[in-house]
Protein chains: 2
Amino acid sequence: MADEFGPMNEKLAALRVNTERFRADFETLSGIGASGDGGVHRLALGEAHLAARAWLRERIEAADLEFRIDNAGNHSAFLACGPQGAPTLLLGSHLDSVPHGGRFDGALGVLAALEAIRVVREAKISLPVHLEAIDFTDEEGTLVGMLGSAALAGVLQPEALQDPRGGRAALEAGLARAGLTEQGLFDARRDPASLAGYLELHIEQGLRLLQAGADVGIVTGIAGINSYRLAFVGRPDHAGTTPMRDRRDAALGASAFTLAARELVLRDFPACVANVGEMRFTPGAFNIVPGRVELALEFRAPDAEKFRRLERALLERAREEAGRFDLELEIEWLGKCDPAPTSQAARRAFAGAAAALGLKHVSFATGAGHDGQSFASVCPMGMIFVPSVDGASHSPREFTRWEDCVNGANVLLQGALRFAHV
Amino acid sequence: MADEFGPMNEKLAALRVNTERFRADFETLSGIGASGDGGVHRLALGEAHLAARAWLRERIEAADLEFRIDNAGNHSAFLACGPQGAPTLLLGSHLDSVPHGGRFDGALGVLAALEAIRVVREAKISLPVHLEAIDFTDEEGTLVGMLGSAALAGVLQPEALQDPRGGRAALEAGLARAGLTEQGLFDARRDPASLAGYLELHIEQGLRLLQAGADVGIVTGIAGINSYRLAFVGRPDHAGTTPMRDRRDAALGASAFTLAARELVLRDFPACVANVGEMRFTPGAFNIVPGRVELALEFRAPDAEKFRRLERALLERAREEAGRFDLELEIEWLGKCDPAPTSQAARRAFAGAAAALGLKHVSFATGAGHDGQSFASVCPMGMIFVPSVDGASHSPREFTRWEDCVNGANVLLQGALRFAHV
């Protein structure tokens with residue numbers, strides 16, 4: 001520790017989050033958009049999400065921090081603790097949730113970031129950088145996916161807004177509800193020279209920490225995510241009078257592909273995952289053979305080579321299954337995030353913090369998408385995880401023990417202080 | 001032929017429909033509710049359907065036939081050609097269509113029945129029975145399905161009106177538009193002793209006649225239809241962080257069942273069909289492993305034994321596939337129509353008529369639902385088909401060559417005369 005802080009910075013090394021304040025904030029936030037079963041339903045730019053952000057703004061202002069909002073709707077608490085013209089170290093995550101999701105995903109990281117900055121402000125210390133705790137817009141992709149972080153990092157693609165995951169109408173309605181404009185999103189971009197880095201605490205959403213008996217996970221990289229809409233197209237026919245052999249039943253191609261995708265990943269891509277999260281049947285009646293089935297395909301891989309190879313293999317398999325059942329296949333690419341390695345400096349800072357706090361850490365790549373991906377090509381990026389009970393996430397069953405939340409927040413705080421001094 | 005009619009009935013055997021009048025009626029009717037692409041959109045008790053019925057009433061009255069309407073809205077032309085107190089032989093079909101359906105389905109059978117009765121009236125002949133050409137209300141199930149025939153046959157279930165296919169509001173609005181009441185429907189029931197039988201001409205809606213090179217199909221029975229909603233229930237999980245092996249992915253059970261149902265029917269139930277016409281994914285997002293998939297299952301079988309066996313086999317298979325992927329299975333039964341065999345006397349009458357007319361016939365069971373099912377337990381029931389080009393139906397592409405329509409109407413006329421003399 002001395003190698004990074006030096007003896008005069010023992011004050012820094014002693015800083016810890018205020019657990020009562022942190023917990024009270026977490027409990028209050030968990031009630032905004034609560035679904036009554038322990039989870040939350042805070043879709044990006046929906047009413048509950050905007051209510052959570054309004055509450056966050058109150059908490060920022062109550063802490064005598066500077067409240068900022070940009071043209072992508074990102075909300076933040078800014079602390080000018082660095083020298084004039086110093087770059088800003090961002091700490092953050094997101095307050096939006098998946099439909100009927102859990103109360104830890106994203107929320108924990110935003111509140112830990114806010115708490116870390118409150119502690120620094122109260123300690124009246126100076127750092128080589130300014131600090132900013134940020135809540136990014138639409139990490140989960142209800143509308144676009146990592147919309148706010150991509151806009152801030154300057155990597156938002158105009159095409160991503162043309163045919164967004166949630167549809168154009170939902171995007172337009174969400175932006176209008178939040179008082180944002182489509183063109184304005186691009187104005188949220190910040191000069192990379194103004195960014196010292198981006199650090200995030202998140203729940204693991206998996207079982208590796210529990211299986212390893214570790215307190216903290218240091219993320220070596222974020223898996224690439226690619227998504228497609230595949231349409232298997234046959235012919236709608238009378239389900240009573242059309243013999244089984246004469247049908248061109250789109251459900252068969254979609255079903256066979258769904259099973260095949262799983263087998264393919266299990267057999268040939270052990271570090272990867274694939275998901276068919278939705279199917280839409282047309283016409284969708286009991287007594288009509290499905291003429292068209294659209295499915296939502298998403299897959300992830302930890303490195304660029306597997307990422308490309310998995311994409312080829314899945315699309316090839318979709319074509320094969322369509323052909324096997326005499327169906328057409330329509331392929332619509334919806335966008336991807338390339339695999340994103342984390343910064344070595346951030347990993348070292350987190351490892352040093354964990355060691356100083358007496359916490360066991362392990363390092364691994366993650367399959368979850370995170371705002372950090374937006375920064376991979378722009379500034380140093382780092383990420384830590386705390387354990388998820390049962391590995392559950394994107395579900396009301398999502399749970400992390402409170403002591404793990406506190407450990408994570410302290411590693412974020414101490415890691416940020418170390419990273420700032422690099 | 002002589003064995004059924006005897007030499008003094010050569011006059012009967014010579015009767016044929018008036019093709020010009022029949023065709024003029026068909027062309028006029030095709031224009032009522034025409035969708036402009038060759039099809040019609042005449043939803044039961046909607047404006048176009050009621051307009052078609054008003055026109056039918058005019059045609060009945062113009063033919064000096066007795067117009068009748070019952071409390072289920074069934075419209076008919078009655079000809080008292082039998083002795084006092086004789087039962088009535090019903091000939092008929094329906095004027096309502098599916099949404100954006102074809103102009104032959106139902107309409108052909110009603111007009112052929114009307115034409116047959118006009119011919120008998122003009123020939124001034126007496127028969128052992130009275131004749132009635134009838135247009136049944138809502139065969140297609142826009143509201144309830146076979147509503148008019150079930151009411152007349154006395155097999156309408158009060159429960160069928162509580163949660164109708166088209167919803168309560170549509171049923172109430174339709175009845176009101178036609179001046180009918182819910183309670184009144186049950187008053188449409190006729191004493192089975194008053195019914196000599198029910199005979200219907202319909203388009204095949206399939207390819208068997210064309211494949212067999214036959215002019216007429218004699219229906220041996222109407223398949224039973226059974227429908228279920230099956231829910232495969234697993235666990236929604238993060239699609240990035242949950243390893244493939246740790247998932248309880250509901251899409252896998254639903255997909256495996258869809259493929260298995262087809263294989264099962266192809267292998268063990270050659271005369272049957274099964275359809276998975278719809279799936280609904282919950283939560284239904286790209287990045288969440290599907291925790292619940294509900295599918296719409298419908299299956300049909302030509303006889304009671306296969307009907308029961310197929311039901312058992314499908315449900316057993318659904319349980320197996322759920323178990324294979326560590327899923328729960330929820331089974332919701334939505335109702336059935338039992339298989340309805342046609343009367344042997346009706347089949348013999350139609351076969352004799354086809355032979356006398358020099359037409360090639362084949363016999364088979366049908367998978368489509370028809371009003372005849374309502375009569376299966378009440379009185380003798382018979383049905384014939386004419387060829388459907390491309391097998392298309394429930395579509396504006398529906399088409400039957402005019403000479404086939406005329407052949408069918410003559411087999412209906414001659415079949416009815418033979419059946420009346422049994």
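Summarised in this report is the structure supplied together with it. Computed from a prediction, not measured in an experiment: that's the story for all the values here. (Residues numbered from 1 in each chain as written. Chains lettered and ligands numbered in written order. Predicted model: local features only at pLDDT ≥ 70, side-chain atom pairs only at ≥ 80, totals over all residues. Heavy atoms only, no water.)

Looking now at the sheet that holds strand β9 (residues 273-282) of chain B. All names here are of chain B. The four strands lie next to each other as β9-β11-β7-β12, forming an open sheet whose pairing is antiparallel. A strand with exactly one partner marks an edge of an open sheet, and here the two such strands are β9 and β12 (328-337). The mean angle between the axes of side-by-side strands here comes to 15°, regardless of whether they run parallel or antiparallel. As paired strands, strand β7 (residues 224-233) and strand β11 (residues 292-301) are joined by 10 bridges and run antiparallel to one another. By the bridge assignment, L230 is partnered in β11 with L295. The strands that helix α11 (residues 250-268) touches are β7, β9 and β11; relative to β11, the one it contacts most, it runs at about 10°. (Pairing = 2+ DSSP bridges. Helix = DSSP H or I, 4+ residues; strand = E, 2+ residues; numbered from the N terminus. Axes fitted to C-alpha atoms, helices over the stretch in contact; angles between N-to-C directions. Contact = heavy atoms within 4.5 Å.)

With 56 residues of chain B at the interface, the matching set in chain A holds 61 residues. Carbon and sulfur atoms make up 60% of the area that chain B and chain A hide from each other, which totals about 4,700 Å². Summed over the three residues of chain B that lose the most area to chain A, namely B:H238, B:M244 and B:F286, the buried surface amounts to 18% of that side. There are zero salt bridges connecting chain B and chain A. At the boundary of chain B and chain A, one finds 12 residue pairs in polar contact (both at pLDDT 80 or more). Sorting the residues of the side of chain B that touches chain A by element identifies β7, β8 (237-238), α11, β9, β10 (288-289) and β11 of chain B as the ones contributing at least two each. No other element matches the nine residues that α11(B) contributes to the side of chain B that touches chain A. Broken down by class, the residue content of the side of chain B that touches chain A amounts to 26 nonpolar, 17 polar and 13 charged. (Buried area = accessible area lost by both parts, 1.4 Å probe. Salt bridge = Lys/Arg side-chain N within 4 Å of Asp/Glu carboxyl O. Polar contact = N/O pair within 3.5 Å; in protein donor to acceptor, adjacent residues only side chain to side chain. Nonpolar A, V, L, I, M, F, W, Y, C, P; charged D, E, K, R; others polar.)

Let's shift gears to the pairing of β7(B). Residues and elements named next belong to chain B. Most of β7 is tucked away, with nine of its 10 residues classed as buried. Pairing of β7 with β12 involves nine bridges; the strand directions are antiparallel. Bridging across to β12, V233 finds its partner in E328. (Buried < 20%, exposed > 50% of the residue type's maximum accessible area, 1.4 Å probe, protein only.)

For the rest of this paragraph, the subject is empty space enclosed by the protein. Considering all chains together, one arrives at two cavities of 30 Å³ or more under this definition. What the largest cavity holds in volume is close to 100 Å³. Around the largest cavity sit A:M244, A:R247, A:D249, A:L252, B:T258, B:A261, B:R262, B:A274, B:N275 and B:V276, which together line it. Sorting the residues of the lining of the largest cavity by element identifies α11 and β9 of chain B as the ones contributing at least two each. Residue classes in the lining of the largest cavity are distributed as five nonpolar, two polar and three charged. Its boundaries defined by the atoms lining it, the second largest cavity holds a volume of some 30 Å³. Every residue along the wall of the second largest cavity is listed here: B:L56, B:I60, B:H75, B:V110, B:L114, B:A133, B:I134 and B:D135. No other element matches the three residues that strand β4 (residues 130-136) of chain B contributes to the lining of the second largest cavity. (1 Å grid on protein atoms, 1.4 Å probe; cavity = no way out; pocket = protein on both sides within 12 Å on 5 of 7 lines; lining within 4 Å. Points joined across faces, edges and corners; volume = space filled by probe spheres on them.)

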